[in-house]
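The residues making up each chain are set out below.
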There are 2 protein chains.
Amino acid sequence: MAKSWATFGVDLHLDPTGTQTGTGTGTGAGVRRGLTDALRDAVRTGRLAPGTRLPSSRSLAADLGVARNTVADAYADLVAEGWLTARQGSGTRVAMGAPPTPLRQWGSAVVPPTDTTPPRRLSNRPTYDLVPGTPDLAAFPRAEWLKAARRAFTSAPCQALGYGDPRGRVELRTALATYLSRARGVRADPEHILISAGISNGLRLIGTALRARGAHTIAVESYGLAVHWQILAEAGLRTRPLPFDELGTNQAQLTDESAVLLTPAHQFPMGVPLHHDRRSAVVDWARRTGGLVLEDDYDGEFRYDRQPIGALQGLDPNHVVYLGTASKSLAPGLRLAWMVLPPSLMDEVTKAKGGIDTCGVLDQLTLAEFITSGAYDRHVRAARLRYRRRRDTLVDALAQHAPDVHATGIAAGFHAVLSLPPGTEQSVVQAAAWQGLALHSLSFYRHEHALPDPLDALVVGYGTPPDHAWTGAVEALCRVLP
Amino acid sequence: MAKSWATFGVDLHLDPTGTQTGTGTGTGAGVRRGLTDALRDAVRTGRLAPGTRLPSSRSLAADLGVARNTVADAYADLVAEGWLTARQGSGTRVAMGAPPTPLRQWGSAVVPPTDTTPPRRLSNRPTYDLVPGTPDLAAFPRAEWLKAARRAFTSAPCQALGYGDPRGRVELRTALATYLSRARGVRADPEHILISAGISNGLRLIGTALRARGAHTIAVESYGLAVHWQILAEAGLRTRPLPFDELGTNQAQLTDESAVLLTPAHQFPMGVPLHHDRRSAVVDWARRTGGLVLEDDYDGEFRYDRQPIGALQGLDPNHVVYLGTASKSLAPGLRLAWMVLPPSLMDEVTKAKGGIDTCGVLDQLTLAEFITSGAYDRHVRAARLRYRRRRDTLVDALAQHAPDVHATGIAAGFHAVLSLPPGTEQSVVQAAAWQGLALHSLSFYRHEHALPDPLDALVVGYGTPPDHAWTGAVEALCRVLP
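1. Quick look at the overall build of chain A
Helices and strands together make up the secondary structure of chain A, namely 14 helices and 19 strands. Across chain A, contacts joining residues at least 24 apart in sequence account for 72% of those joining residues at least 6 apart. Roughly 17700 Å² of accessible area belongs to chain A as shown, and the carbon and sulfur atoms make up 52% of that amount.

2. Quick word on the side chain of D297(B)
Take D297(B): it is sitting in the loop between strand 12 (292-296) and strand 13 (320-325). Discounting chain neighbours no more than four positions away, the residues touching D297(B) are R184(B), A265(B), Y322(B), L323(B) and G324(B).

3. Things to note about the packing of helix 6 (residues 199-212) of chain B against helix 7 (residues 226-234) of chain B
Residue and element names in this part refer to chain B. Helix 7 packs onto helix 6 with a crossing angle of 30° between their chain directions and a minimal axis gap of 8 Å. Between helix 6 and helix 7, the angle is such that the two are roughly parallel. With respect to the hand of their crossing, helix 6 and helix 7 are arranged in right-handed fashion. Contacts between helix 6 and helix 7 involve I199, S200, L203, R204 and G207 from the former and H228, I231, L232 and E234 from the latter. Tallied by class, residues from the contact of helix 6 with helix 7 come to 4 nonpolar, 3 polar and 2 charged.

4. Description of the sheet that holds strand 7 (residues 217-221) of chain A
Residue and element names in this part refer to chain A. Across the sheet, 7 strands lie side by side as 6-14-13-12-11-7-8; this open sheet has mixed pairing. Each having just a single partner strand, strand 6 (193-196) and strand 8 (238-242) make up the two edges of the open sheet. Pairs of neighbouring strands in the sheet enclose a mean axial angle of 20°, with direction left out of account. Relative to strand 12 (residues 292-296), strand 11 (residues 259-262) runs parallel, the two being bridged by 4 bridges. What sits directly across from L261, in strand 12, is L294. Against the sheet, helix 6 (residues 199-212) makes contact with strand 6, strand 11, strand 12, strand 13 (320-325) and strand 14 (337-340), and its axis sits at roughly 155° relative to strand 13, the strand it touches most.

5. So, the sheet that holds strand 7 (residues 217-221) of chain B
Hydrogen bonds between backbone atoms are what pair the strands of a sheet, whose relative direction is either parallel or antiparallel. All names here are of chain B. Read from one edge of the open sheet, 7 strands run 6-14-13-12-11-7-8, paired in mixed fashion. Both outer strands of the open sheet, strand 6 (193-196) and strand 8 (238-242), are each paired with one neighbouring strand and no more. Taken over all neighbouring pairs, the strand axes of this sheet differ in orientation by 20° on average, direction set aside. Of the strands in this sheet, strand 6, strand 11 (259-262), strand 12, strand 13 and strand 14 (337-340) touch helix 6, which is tilted by about 155° from strand 13.

6. Some details on helix 7 of chain B
All names here are of chain B. Every buried residue belonging to helix 7 is among V227, H228, W229, I231 and L232, and all of these are buried. Residues of helix 7 that are buried sit in contact with helix 6, strand 7, strand 8, strand 11 and strand 12. Positive backbone phi, at 100°, marks G236, one or two positions downstream of helix 7.

7. Thoughts on the domain arrangement of chain A
Residues and elements named next belong to chain A. According to the domain assignment, chain A consists of domain 1 (7-111), domain 2 (128-138 + 378-480) and domain 3 (140-374). Taken over C-alpha atoms, the centre of domain 2 sits 25 Å from the centre of domain 3. On the domain 3 side, the residues contacting the 36 residues of domain 2 number 38 residues. Buried area between domain 2 and domain 3, summed over both chains or domains, comes out near 3000 Å², and the portion from carbon and sulfur atoms is 62%. For domain 2, the biggest contributors to the area lost against domain 3 are H379, Y445 and H447; these three give 21% of the whole. Between domain 2 and domain 3 we count 1 salt bridge in total. Taking the shortest distance from any N to any O, the salt bridge between E144 and R378 comes out at 4.0 Å.

8. Let's talk about the pairing of strand 16 (residues 415-419) of chain B
Residues and elements named next belong to chain B. In terms of burial, strand 16 is largely enclosed, as 4 of its 5 residues are buried. Sheet topology places strand 15 (residues 407-408) next to strand 16; 2 bridges connect them, and they run antiparallel. Residue pairing for strand 16: A407 is matched across the bridge by L418. Remark: 6 residues form the turn of the hairpin made by strand 15 and strand 16, two consecutive strands paired antiparallel; G409 in that turn has positive phi of roughly 70°. Alignment of strand 16 against strand 19 (residues 457-461), held across 5 bridges, turns out to be antiparallel. The residue of strand 19 that forms the bridge with V417 is V459.

9. What to know about the pattern of salt bridges
All names here are of chain A. On inspection of all chains with the given rule, the structure shows 42 salt bridges over all chains. Ionic pairing is found between E144 and K147, a salt bridge with its closest N-O pair at 3.7 Å. Highlighted residues: E144 and K147, both in helix 4 (residues 142-155), separated by 3 residues, approximately one helical turn. E144 sits in the partly exposed class, given a relative accessible area of 30%. The residue D357 makes a salt bridge to K353 at a minimum N-O spacing of 3.0 Å. K353 matches D357 in its accessibility class, with the two residues each being buried. A single salt-bridge network, built from bridges that share partners, covers D136, R386, R390 and D467.

10. What to know about the environment of T85(A)
Residues and elements named next belong to chain A. Along the polypeptide, T85 turns up in strand 3 (residues 84-87). Assessed through its relative accessible area of 11%, T85 is described here as buried. Taking the C-alpha atoms as reference points, T85 and R53, 32 residues apart in sequence, are found 9.5 Å from one another.

11. Regarding the confidence of the model for chain A
All names here are of chain A. On average, residues of chain A score 85 in pLDDT, and 85% of them reach the 70 mark or higher. In the predicted structure, residues 13-26 sits below a pLDDT of 50 and forms 41 contacts with residues beyond four places in sequence or in another chain. Among the prediction metrics, the complex's ipTM stands at 0.77, with pTM recorded as 0.78.

12. Some words on the pairing of strand 7 of chain B
All names here are of chain B. Buried residues dominate strand 7, accounting for 5 of its 5 residues. Alternating residues of strand 7 divide into T217, A219 and E221 and I218 and V220, and every residue in both groups is buried. In terms of strand pairing, strand 7 meets strand 8 through 5 bridges, oriented parallel. Of the residues in strand 8, the one forming a bridge with I218 is T239. Between strand 7 and its parallel partner strand 8, the chain crosses via helix 7, and the hand of that crossover is right-handed.

13. A few points about the environment of L439(B)
Residues and elements named next belong to chain B. Tracing the sequence through the fold places L439 in the loop between strand 17 (437-438) and strand 18 (440-441). As a C-alpha pair, L439 and H379 span 60 residues in sequence and 27 Å in three-dimensional space. Sequence-distant contacts of L439, defined by excluding residues within four places in its chain, comprise L130, V131, V429, A432, L458, V460 and L477.

14. Structural notes on helix 13 (residues 425-434) of chain A
Among the residues making up helix 13 of chain A, those that are buried are E425(A), V428(A), V429(A), Q430(A), A432(A) and A433(A). Once helix 13 of chain A finishes, G436(A) follows within two positions and takes phi at roughly 75°, a positive value.

15. Quick look at the packing of aromatic side chains
Residues and elements named next belong to chain A. Enumeration according to the criterion identifies 24 aromatic pairs over all chains in this entry. With a centroid separation of 5.5 Å and 80° between ring planes, the pair formed by F268 and Y298 is classed as edge-to-face. Remark: Y298 occurs in the loop between strand 12 and strand 13 and F268 occurs in the loop between strand 11 and helix 8 (276-289); sequence separation between them is 30 residues. Neither residue differs from the other here; F268 and Y298 are each classed as buried. Above the ring of W470, the side-chain terminus of R390 is found at 5.9 Å from the ring centroid.

16. Overview of the side chain of T249(A)
All names here are of chain A. With respect to the helices, strands and loops of the structure, T249 is situated in strand 10 (residues 248-249). Its relative accessible area of 3% is what places T249 among the buried residues. Of the polar contacts made by the side chain of T249, one reaches the side chain of E221; its length is 2.8 Å. Apart from the residues lying within four places of it in its own chain, the contact partners of T249 are E221, L242, P243, F244, L262, Q267, L274 and R278.

Cut-offs used in this document
- Residues numbered from 1 in each chain as written.
- Chains lettered and ligands numbered in written order.
- Predicted model: local features only at pLDDT ≥ 70, side-chain atom pairs only at ≥ 80, totals over all residues.
- Heavy atoms only, no water.
- Helix = DSSP H or I, 4+ residues; strand = E, 2+ residues; numbered from the N terminus.
- Contact = heavy atoms within 4.5 Å.
- Areas by Shrake-Rupley, 256 points an atom, 1.4 Å probe, with all protein chains shown as cover.
- Axes fitted to C-alpha atoms, helices over the stretch in contact; angles between N-to-C directions.
- Parallel < 35°, antiparallel > 145°, perpendicular 65-115°, else oblique.
- Left-handed = near helix turned anticlockwise from the far one by under 90°.
- Nonpolar A, V, L, I, M, F, W, Y, C, P; charged D, E, K, R; others polar.
- Pairing = 2+ DSSP bridges.
- Buried < 20%, exposed > 50% of the residue type's maximum accessible area, 1.4 Å probe, protein only.
- Domains from an automatic or database assignment.
- Buried area = accessible area lost by both parts, 1.4 Å probe.
- Salt bridge = Lys/Arg side-chain N within 4 Å of Asp/Glu carboxyl O.
- pLDDT = per-residue confidence, 0-100.
- Right-handed = clockwise from strand over helix to strand, strands pointing away.
- Phe/Tyr/Trp six-rings, centres within 6.5 Å; stacked < 30°, edge-to-face > 60°.
- Lys NZ or Arg CZ within 6 Å of the ring centre and 35° of its normal.
- Polar contact = N/O pair within 3.5 Å; in protein donor to acceptor, adjacent residues only side chain to side chain.

Spelled out as structure tokens, the structure:
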């Protein structure tokens, strides 16, 4: 049922089921996306003039019959993108200048199709992007990659350019089997590795295979990526969040779920490693019930305090699916990720992929060459040092300028969780947007049925800004912290 | 319900629903795949010794309770792969030597995961692959492609390496809009182009979007690719074949289908262009009923008798989806195809893609540079000349050595249909396999509910063999023709 909102000349059609809202998906997320799109469009086309004051989130929510948080979130998104401004005492208004370069909307998910709107930045307002999920793209080893491409491409047989093995190129699967065993303690052989176009694409394949087996429910973590939950929902699976505490996600409430999706090495976004007792317990659960553990090892290479925590998959390759990706270690644009599958699941997931490889072979051959030549190890080592330096700068700056804010989850990866005084989360995000600083709140990553009480916090990614902008980004961040 | 066949020590489990047979899909195809896999495995492991005579297809079919054709097809597959041999009067036997290099199973679809079996060729038995659907991979312009990659990669902004526009890179969509308008008469703007991992992947996205709209049935051609029908079936759509005659596919029986999938420029595999009256009529049907025409323009660039036939999409971009691909013009391994979508369908198909780009950006950027620099045009021109020469060699050889066999559909593309005397199709395919010649029969491409009477014919692809092997391939072909 569509509702119409004609205030301020905005012809806003919202479908609370979320099915009619373009690329928006799921109920809450779909409405929020629909609202964001409609408001952005109204500003872009001039139907909402610069300086116009928008209704309060409370009154607009009542008008539309949606949750107040949905409206507040949509406003925060548009403030972060620069279409709206928010100031204490002045409410939310349409920004006076042209919109700045649109920022990414999701840590590792949906980007609005904005390429074709010529990006313009508001004058004298620097933009820093501290949304987590993307590595430093300026540090992508372009020259090394091209060299590897040339070597791989020169030696590849012609047949490599044809319709390929649905699991992906054997060269890459072989290189990964060796690398994952050495670097992550994964028990892998090339036969049971399947290449996918990102971890989200891999989850889609596994979700489809599980649903075809008759699965209905998958347990997930209370904090995580909405796009993953959405993908599982689209495959027909209900997601049920598990409680979270200082030892990580608590598996004790697992019952008859078909699978559980975890980030054991470095919980995303909270940052804690899964306690070793719980690591064993979740594998025990899988053995006892025939359930499956999906181990999302998105940033397993980046650990600063000690040796990387080995993959859970090493405990039981027959009950754990290992998911890794080049999106954090190299670049998301490669669209290359990998799964190590229990042999019993191989055929079903290959079938879900359509029985055909959907990933380009040239990048697969290049990545294989990049790994076997040692260039991948060198790149990861350099990136680890760079992120560690950035993390140290961040921690030092917080100690000096915001002593009440504590950064947690920083022993690994390239994001930190900054705890905030209760009730301040949204105002800090809005103030940050006003500074041209894109930030995500912790609530952005909270499952709608999450069990812990909501915490006020920021999730700050320190991968994205190029090196030369990092100090400025940290300074801008400190200015908006309480 | 699984059946067991213990003859010759083969422990053969078949699931007639096709759901348990690995990557095999669909009832008939699934059983055939399951049988093929089981027999191949039995030969590989020695459970079926070299020289062993297999039961007749009739008696094995009765034993298994499956259609006789399914067994005959499985035998023919394995003969083509070299595991079995078939000789008049001697029946079907396990081959005496090691199996040769496994050949492709589908024109543009599934390849069995054989990478890890070290390929060995039977001594003194040359292998020629005349299965249609793959271009000459030895002619892939590797040096030019690497140069374009270097140029594209050097000038790309860092942001191009991040999570991308779900429609695909704007550089590629812009290059394609210009190219398709010039070369194929497509009315395209970059906003309504969506990049997919091959045409089959594009059909999966459209099928999903149509199903979400409530569609149940899609009309298809009587001859085509089973993998396309299968993909549409997996999306929840029933495929209903339209009659085929000398003017192409007859649209007169279209009623309330949600869409129709056609190959208007060069029917695959029959090779005729859709008659111009029918081109108008099918667009009229779409306008009248709100249906959608899916135009698969898989080899539209390759026409030898005159200027390429313009795309149907030019008649009505609001009712026709144009699908093109780099798989025939460059190489399937790139996994790059494109759709030009009616604006009204854009959001739904983008959503079906998961709201995220799943195609690697490096190849997208390289292809954009390849097109805009003119290298693509040069490559297509050279390939067109090469395929035309091969076609002429084929036609000349047929006239000389097999005057009763007529090649049709040869004004375009890189495959021909060779008509055969009634009742000889399977024996010719088996004799070809004995010569180390992989061929597909026309019945391989026939929809199970196809309306015309079955014709005995071969579909001969002349793209695959490298230039130096072409004369030998034609000679081997002529030896097996009646």
